[in-house]
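Descriptive analysis of the structure
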Amino acid sequence: FSKLGVAFMEDRLQMDNGLIPQKIVSVHLQDSALKELKDQALNKPAQVLQLSPEPALEIEPKQDVMEHVGKDGPRVLGEEPKQRRGSASGSEPVGDSDRGGGSVEHYHLHLSSCHECLELENSTIESVKFASAENIPDLPYDYSSSLESVVDETCPEREEKRVNITGKAPNILIYVGSDSQEALGRFQQVQSVLADCVDTDSYLLYHLLEESALRDPWPDNCLLLVLATRESIPKDLHQKFMAYLSQGGKVLGLSSSFTFGGFQMTRKAVLQKTVQNLVFSKSDQSKVTLSILSSGCVYEEVPGEQLSLGKLQGHLENKDQDRMVIQVPFGACGGEAVLCQVHLELPPSSDIVQTQEDFNLLKSSNIRRYEVLKEILTSLGLSCDLKQAPALTPLYLLAATEEIWDPLMQWLGKHVGPEGVIKSSKLSLKFVSSCTSEIEITPSFIPVVTDTEAFSSENFNLEIYRQNLQTKRFGKIILFAEVTPTTMSLLDGLMFEMPQETGLIAIAGRQTQGKGRGRNAWLSPVGCAISTLLISIPLRSQLGQRIPFVQHLMALAVVEAVRSIPEYQDINLRVKWPNDIYYSDLMKIGGVLVNSTLMGETFYILIGCGFNVTNSNPTICVNDLVAEYNRQYQAELKPLRADYLIARTVTVLEKLVDTFQDQGPSAVLPLYYKYWVHSGQQVRLGSTEGPKVSIVGLDDSGFLQVHQEGGEVVTVHPDGNSFDMLQNLILPKRC
């Protein structure tokens, strides 16, 4: 129970549906309720309460529970876990069965919320109306220079690539069937081979669970769907995948049961787990011959069906010339799939390789296996230009003002260990006057150079930062690294030790393990403004009672830092609830991640922030908007620097925090609404089929408020999906 309480105080406690508990209450359980709980424990699989600071990317409900406390005492309602749908029969030909699952009603785990009041409701709505009436002009943008055209039609024409309209870093989602250890092993195999082929600075690889595939809004956040399961795909899931294809989606089938478009799979037992010669035709009509492991199935035409094939094809070098690789276009929106019945995902060392001779044949063709796989991925719109992972570099300890340097050195002299080391649970920082090549730098051990007179970096100019940092507390002491795993962990050992007025900030040229919301990763190439700022907030203060507002203030600070520069006010940078920075409402340009810890009467808050400044890939950057503005309006605005904008952002944030502390949410919400993307926006509650509501503002705790048809304004919460928090919004239950 103490672990539960600590997790609650540190904002690390999360329900299965993604909601954050507002209050823990005690209840008296009567004998009947205790007996019911005991029976459930005996008859149902145990649930594990996760107290991780990083919620899972996909939270697969095991058994949703809802507590009701009334005058008759508490009772617990639940649902039996879904029965796994059976596998396909062994008849030939094989393919997706037409099995369907019965509907199951879900109950979301709920704890009663404790909002202070809704007195800001009217002023909130008026502020939104005022901001909406300003008619801030949208910035036209020509995607031809760095991105493909984004149009408003539901089904845009695409020549080569599917455009990621949300602007999120392009995701490759991997579906491997039912949730099991075997499936997890398959996922790891596929993830490994794809990571060897694509530029991991440009793509993120995620495990798509069946429950999430059916429930969550993944299609708009998926550049490529990889199917790698022999299991028959359930009918409702097959329909989801076909809908994704119809919208221009790309699918790669790796020895999968997934078929469509006039083709069926037929088993040939003589081919199963054998090494065969494959003749593969590339898009330029050249051919590659290689030894490859067969799945034991081939593709055959369905009699009477009209066939459509792309240029990529592969057949065995045997009498029947069995079809093993087919490229199948689908629909008018550019959707297509490349389906394979050879194990391109398996290395020669795989357990199913039966003999040494087979191993040797596969090993000799391994380079050509990658060549074929990269050809397929490229044809599906991905970049396979690999970049070597950069080596980690030391940290440099820097000061924004000269007068704080001596007190800082005195403090370090008293608090570092005998070998100059400060340890935390995540890493050790070793303070040294200079860093030599003999010091090994790892994610858990990083040297910090204190003699910085000769410090110089292309990615961070200390003088520019000093000139533009106009704060009393924030961002005064800098830890800078050219390359570091993640800035979120660099301050871990210092945040509770150094005086609160020190104002720590960690800044990096690039990250190798950047973090996003939940377990999402965050791509951090050179050109991205990457920082983690430490601030302390008294618990008994305006902001201390509304900690969720911190992420809103940081996102607002980034936008205001750019748009408050003289002549840059029309650069169409916006905030998207709860923690994103957007170009208009089209493309994500950055995000915010907040971790807070309550110690005594003080919140210690790490605010991680990353936004694209000079890097046009993988989505879009601030300087793209500046260049396009110059082209459209014959202006001569100068491109901006990351160090310049980080300093301005920290300066704006301190002003916003001070204003919030003095006057509360109403003092900053008008500026927030001026820049947000949601004015007049309609969303659906619960699912894509749910009722439509209009977003009107934020409540006193920072959650969205929506207007229902009946005239009532209510607060809604995200459902916990990590793809788009504005989809599947739910109404909290009222006890």
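One structure accompanies this document, and this report is about it. What you see is a predicted model, and the numbers here were worked out from it, not measured in a lab. (Residues numbered from 1 in each chain as written. Predicted model: local features only at pLDDT ≥ 70, side-chain atom pairs only at ≥ 80, totals over all residues. Heavy atoms only, no water.)

**A word on the sheet that holds strand E15 (residues 421–423)**
In sheet architecture, strand pairing relies on hydrogen bonds along the backbone and comes in two forms, parallel and antiparallel. Stated precisely, the cut-off is as follows: Any two strands with at least two DSSP bridges between them are considered paired. Where helices and strands are cited, they refer to DSSP runs of H or I of at least four residues and of E of at least two residues respectively, numbered from the N terminus. Only the stretch in contact is used when a helix axis is fitted, and all axes are lines through C-alpha atoms; the angle between N-to-C directions ranges over 0 to 180 degrees.
Strand order across the open sheet formed by eleven strands is E15-E16-E17-E14-E18-E19-E20-E24-E23-E22-E21, with mixed pairing between neighbours. In this open sheet, the two strands that pair with only one neighbour each are E15 and strand E21 (573–576). Going across the sheet, the axis of each strand differs from the next one's by a mean of 25°, ignoring polarity.

**Observations concerning unusual backbone geometry**
For the bond running from Trp577 to Pro578, omega is 0°, close enough to zero to count as cis. Within the fold, Pro578 resides in the loop between E21 and strand E22 (580–583). Even without being a glycine, Gln285 presents a positive backbone phi close to 75°. Secondary-structure assignment places Gln285 in the loop between strand E8 (275–281) and strand E9 (287–293).

**Re the packing of aromatic side chains**
Which entries qualify depends on this criterion: Between 30 and 60 degrees the pair is tilted, below 30 it is stacked and above 60 it is edge-to-face, where a pair is any two Phe, Tyr or Trp rings, Trp via its six-membered ring, whose centres lie within 6.5 Å. The classification of residues rests on relative accessible area computed with a 1.4 Å probe and restricted to protein chains. Under 20% of the type maximum is buried, over 50% is exposed, and intermediate values are partly exposed.
A complete count under the given rule lists 15 aromatic pairs for this structure. Each ring, one from Tyr629 and one from Tyr633, has its centre 4.8 Å from the other, and the planes form 40°; the classification is tilted. Residue Tyr629 and its partner Tyr633 are both found in helix H12 (residues 622–633); the two are separated by four residues, about one turn of the helix. Ring centres 5.9 Å apart and planes at 55° place the aromatic pair Tyr672 and Trp676 in the tilted group. For the pair formed by Tyr672 and Trp676, the shared burial category is buried.

**Remarks on the pattern of salt bridges**
Test applied: Salt bridge, as applied in this entry: a Lys or Arg side-chain nitrogen positioned within 4 Å of an Asp or Glu carboxyl oxygen.
The tally for this structure, following the rule as stated, stands at 15 salt bridges. Of the charged contacts in the structure, one is a salt bridge between Arg186 and Glu182, with a shortest N-O distance of 3.5 Å. With Arg186 and Glu182 both in helix H4 (residues 181–197), this residue pair falls four residues apart, about one helical turn. By relative accessible area, Arg186 is classed as buried at 18%. The salt bridge partner of Lys588 is Asp580, with a shortest N-O separation of 3.2 Å. Each of Lys268, Asp320 and Asp322 takes part in one network of salt bridges that share partners.

**Notes on the sheet that holds strand E28 (residues 713–716)**
Strand order in the open sheet formed by four strands is E25-E26-E27-E28, with antiparallel pairing between adjacent strands. Here the strands that pair on one side only, and so sit at the sheet edges, are strand E25 (682–684) and E28. Neighbour to neighbour, the strand axes of the sheet diverge by 50° on average, direction disregarded. Of the strand pairs in this sheet, strand E26 (residues 692–698) and strand E27 (residues 704–707) are connected by four bridges, and their pairing is antiparallel. Paired with Ile695 across the bridge in E27 is Val706.

**Description of the packing of H4 against helix H8 (residues 366–379)**
Stated formally: Each angle is binned into one of four classes, with values under 35 degrees roughly parallel, values over 145 roughly antiparallel, values of 65 to 115 roughly perpendicular, and all other values oblique. Any two residues having at least one pair of non-hydrogen atoms within 4.5 Å are treated as being in contact. Each residue is assigned to one of three groups, with Ala, Val, Leu, Ile, Met, Phe, Trp, Tyr, Cys and Pro labelled nonpolar, Asp, Glu, Lys and Arg labelled charged, and all others, Gly among them, labelled polar.
Close contact between H4 and H8 brings their axes to 10 Å; oriented N to C, the two are set at 80°. The orientation of H4 with respect to H8, classified from their angle, is roughly perpendicular. Along the contact surface, H4 presents Val193, Leu194, Asp196 and Cys197, while H8 presents Arg369, Tyr370, Leu373, Lys374 and Leu377. Taken together, the residues that form the contact of H4 with H8 break down as six nonpolar, no polar and three charged.

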